[in-house]
Amino acid sequence: MDERILRRLVIKPFAINKVEYGERFAIKGDILEIVQDKIEELKAADDLISDIKLEIIQPGDYDRQINTIMDIIPVSTKVLGDIGEGITHTLTGVCVMLTGVDEDGRQMHEFGSSEGILSEQMIFGRRGTPDTKDYIIHMDVTIKGGLPFDRKLPNACFRACDNFIQEIRKALKTVDGRSASGSYEYLDKISPGKKKVVLVKQVAGQGAMYDNLLFPEEPSGFEGGTSIIDMCNMPMVLSPNEYRDGILRALV
């Protein structure tokens with residue numbers, strides 16, 4: 001019996017060599033433009049948020065004080081199909097760093113905070129962290145004080161950050177795929193007569209920041225995702241391409 005292809009995923013990277021502020025979210029060659037004024041809209045959209053600060057951190061400029069690092073987020077978007085199939089555009093050379101605190105000074109973390117000097121709190125060049133040549137779009141969210149710490153507080157930070165990233169995703173969707181710096185094809189397929197391999201990944205699901213989302217609308221996104229806690233920590237079967245394409249979002 002011949003091999004049968006179940007899903008075909010194509011990931012196209014676009015290299016960014018500079019990030020700057022502009023009048024609209026746009027990708028112009030290797031330059032990413034982001035809009036500072038979007039922050040005011042995000043603050044007004046959620047009563048739990050009292051302030052948001054946005055800054056562009058240039059490569060190597062890490063001698064700065066930060067609040068606890070909630071997440072390092074790649075910028076990817078679906079151009080065709082659902083997560084795990086079709087075409088995905090992704091940016092290289094830039095990522096988003098989300099940090100958070102409340103008005104009372106409580107850091108948005110659960111098991112160990114990472115506030116301090118960025119150069120001392122981040123190991124660069126590892127899987128899941130920025131490379132030393134990457135630009136970092138830093139969003140720092142301040143939550144209103146005096147509130148009991150539960151999932152709605154960090155989730156407000158994640159949601160605001162995801163809404164900001166979505167504006168970049170919209171611009172990324174419109175970039176001509178022929179200008180990508182590469183094209184990588186991945187196939188989920190059935191190979192009769194060959195060994196069946198299952199990888200088991202244990203993920204956390206027990207607290208406000210000790211959580212994972214599955215099935216978001218966008219790769220490594222937040223909107224549309226379902227908490228593993230709300231799934232009662234039940235096991236889920238994912239295809240290799242779904243996992244590769246960012247269907248699991250760790251909120252740590």
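- If you check an unreviewed UniProt entry, the protein appears there as Proline reductase from Peptostreptococcus russellii.

1. Describing the packing of aromatic side chains
Link 1 in the chain: As enumerated under the stated definition, the model contains 3 aromatic pairs in all.
Link 2 in the chain: Their ring planes at 15° and their centres at 4.0 Å tell us that Y62 and F124 sit as a pair that is stacked. Of this pair, Y62 sits in the loop between β5 (49–57) and β6 (65–66) while F124 sits in the loop between α2 (118–121) and β12 (135–143), and the two are 62 residues apart along the sequence.
Link 3 in the chain: For F124, a relative accessible area of 16% puts it in the buried group.
Link 4 in the chain: Aromatic pair F158 and F222: ring centres 6.1 Å apart, planes at 15°, arrangement stacked. Separated by 64 residues along the polypeptide, F158 in helix α3 (residues 152–173) and F222 in the loop between β14 (211–214) and β15 (226–227) bring together distant segments of the chain.
Link 5 in the chain: Residue classification places F158 among the buried positions, given a relative accessible area of 1%.
Link 6 in the chain: For F222, a relative accessible area of 7% gives the class buried.

2. Observations regarding the side chain of T99
Link 1 in the chain: Locating T99 in the fold gives a position in strand β10 (residues 94–102).
Link 2 in the chain: Residue classification places T99 among the buried positions, given a relative accessible area of 0%.
Link 3 in the chain: Of note is the side chain of T99, whose polar atom sits 2.8 Å from the side chain of H138.
Link 4 in the chain: Separated by 2.5 Å, the side chains of T99 and D140 make a polar contact.
Link 5 in the chain: Excluding residues within four positions of it along the chain, T99 makes contact with N67, T68, I69, M70, H138, M139, D140 and V141.

3. Side note on the sheet that holds strand β1 (residues 4–15)
Link 1 in the chain: The strand order across the open sheet formed by 4 strands is β8-β9-β1-β13, and the pairing between neighbours is mixed. Every interior strand has two partners, whereas the edge strands, β8 (76–80) and β13 (184–190), have only one. On average, adjacent strands in this sheet sit at an angle of 25° to one another, irrespective of strand direction.
Link 2 in the chain: Pairing analysis gives 7 bridges linking β1 to strand β9 (residues 86–92), with the strands arranged parallel.

4. Observations regarding α3
Link 1 in the chain: Counted at 1.5 Å a residue, the expected span for α3 with its 22 residues is 32 Å, and the 30 Å between its end C-alpha atoms agrees.
Link 2 in the chain: Of all 22 residues in α3, 16 are buried, a share of seventy percent or more.

How each quantity is defined
- Counting restarts for each chain, with residues numbered from 1 along the sequence as it is written.
- For a predicted model such as this one, the threshold for reporting local features is a pLDDT of at least 70, and the threshold for listing and counting side-chain atom pairs is 80 or more; totals across whole chains, interfaces and linings nevertheless cover every residue.
- In computing side-chain properties, one takes all heavy atoms of the structure into account and sets aside hydrogens as well as water.
- Each aromatic pair joins two rings of Phe, Tyr and Trp (for Trp, the six-membered one) with centres within 6.5 Å, and gets the label stacked for planes under 30 degrees apart, edge-to-face for over 60, and tilted for any other angle.
- The helix and strand labels rest on DSSP assignments: H or I over at least four residues marks a helix, E over at least two residues marks a strand, and numbering proceeds from the N terminus.
- Using a 1.4 Å probe on the protein chains alone, a residue whose accessible area is under 20% of its type maximum counts as buried, one over 50% counts as exposed, and one in between counts as partly exposed.
- Each polar contact in these results corresponds to two N or O atoms within 3.5 Å; when the atoms are within protein, one needs to be able to donate a hydrogen and the other to accept it, and residues that are neighboring in sequence are counted only if both atoms are side-chain atoms.
- Should any heavy atoms of two residues lie within 4.5 Å, those residues are counted as being in contact.
- At least two DSSP bridges between two strands are required for those strands to pair.
- Fitted lines through C-alpha atoms give the axes, limited to the stretch in contact for helices. The angle between two N-to-C directions lies from 0 to 180 degrees.
- Helix span is expected to be 1.5 Å times the residue number reduced by one.

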